[in-house]
Amino acid sequence: MLVQVKYNQLQKYVKLDEVGGQYDFLQFNDKEFSDLSPASEMSDSRWTKTSPLFGDDTSSMLLQKWDVFFKLNVIKEAKRLTSTPELRRLVQSAESPPGSDLNEATTYDQEMASLLLLIHPPSPGVPKSPKISASDAVERLVIFHKSCCSLEEHLRNHEGQQPYLLAVGRQKSKIDNFYIAMDKHLIPCQANRSLGAFDELFKVHFVFNLSYDAPLVNFYTFLQTKVYNIDVEKMKAY
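The rules behind the values
- Residues numbered from 1 in each chain as written.
- Predicted model: local features only at pLDDT ≥ 70, side-chain atom pairs only at ≥ 80, totals over all residues.
- Heavy atoms only, no water.
- Helix = DSSP H or I, 4+ residues; strand = E, 2+ residues; numbered from the N terminus.
- Phe/Tyr/Trp six-rings, centres within 6.5 Å; stacked < 30°, edge-to-face > 60°.
- Buried < 20%, exposed > 50% of the residue type's maximum accessible area, 1.4 Å probe, protein only.
- Right-handed = clockwise from strand over helix to strand, strands pointing away.
- Pairing = 2+ DSSP bridges.

### Points about the environment of Leu223
- Within the secondary structure layout, Leu223 lies in helix 10 (residues 217–227).
- As a C-alpha pair, Leu223 and Leu62 span 161 residues in sequence and 8.0 Å in three-dimensional space.

### Observations regarding the packing of aromatic side chains
- Taken as a whole and assessed by the stated rule, the structure comprises ten aromatic pairs.
- With centroids separated by 5.3 Å and ring planes inclined at 75 degrees, the aromatic side chains of Phe219 and Tyr220 adopt a geometry described as edge-to-face. Accessibility assignment for this pair places Phe219 and Tyr220 in one class, buried.
- The structure contains a cluster of three or more aromatic residues connected by ring pairs, namely Phe198, Phe202, Phe206, Tyr212, Phe219, Tyr220 and Tyr228.

### Some details on helix 10
- Burial of helix 10 is extensive: eight of the eleven residues sit out of reach of the surface.
- Burial in helix 10 covers these residues: Asn218, Phe219, Tyr220, Thr221, Phe222, Leu223, Gln224 and Val227.

### Regarding the pairing of strand 6 (residues 164–171)
- In terms of burial, strand 6 is a largely internal element, seven of the eight residues being buried.
- Chirality of the crossover, the property in question, places the unit of strand 5 (residues 142–146), helix 8 (residues 151–157) and strand 6 among those that are right-handed.
- With seven bridges connecting them, strand 6 and strand 7 (residues 174–182) associate as antiparallel partners. Across the sheet, Val168 pairs through a bridge with Asn177, a residue of strand 7.
- Taking the residues between adjacent antiparallel strands as the criterion, strand 6 and strand 7 are bridged by two residues.

What is shown is where atoms sit, not what they do.
Spelled out as structure tokens, the structure:
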């Protein structure tokens, strides 16, 4: 796939290698971004290389702050909303410690459930996104795929070009691998936890210079402005 890579005022088009329907993102990042960034700006983090918006502090915001600050507040706000079976299921999972007696086949783990609660609460000060149901919005963000089923078949049958997470495992509560699915190709995530996979999904929008999926604008804008502290004006400059 040919992608446009931007760094400050520099840009170029590069070919992303594909092996077995999956893009080797790490190889692409190390090979292509090394000549876009001065040596003084390079770091061990692949994300500080891919975008000037993600310095060492900004890049780790979600992983450092979600559990200690954001998760409890998101759960608190979700409990104030009109209750639905799906909302109750997510709240229960988000509040349950690992190993709790939940329906593991149909319920995501604590991290994933707490993040998906952001699909439900309205986000003040954020432009309205197209109205779709919360369950449909979740399906545009993350799709569970049983590990015994074909990944290629999923890609053939799934429409849409915006990136989303493909969570592969035996059941929703026990995900073995995460992929970022985009334009009918897969990018393996480095992370094996839900939180880390969402961190990579968010940042891939900046790597490939992609706009947010319209029904998920509120979700991504909350992460951008409240968690990563990247304001709208900074985005315009980028």
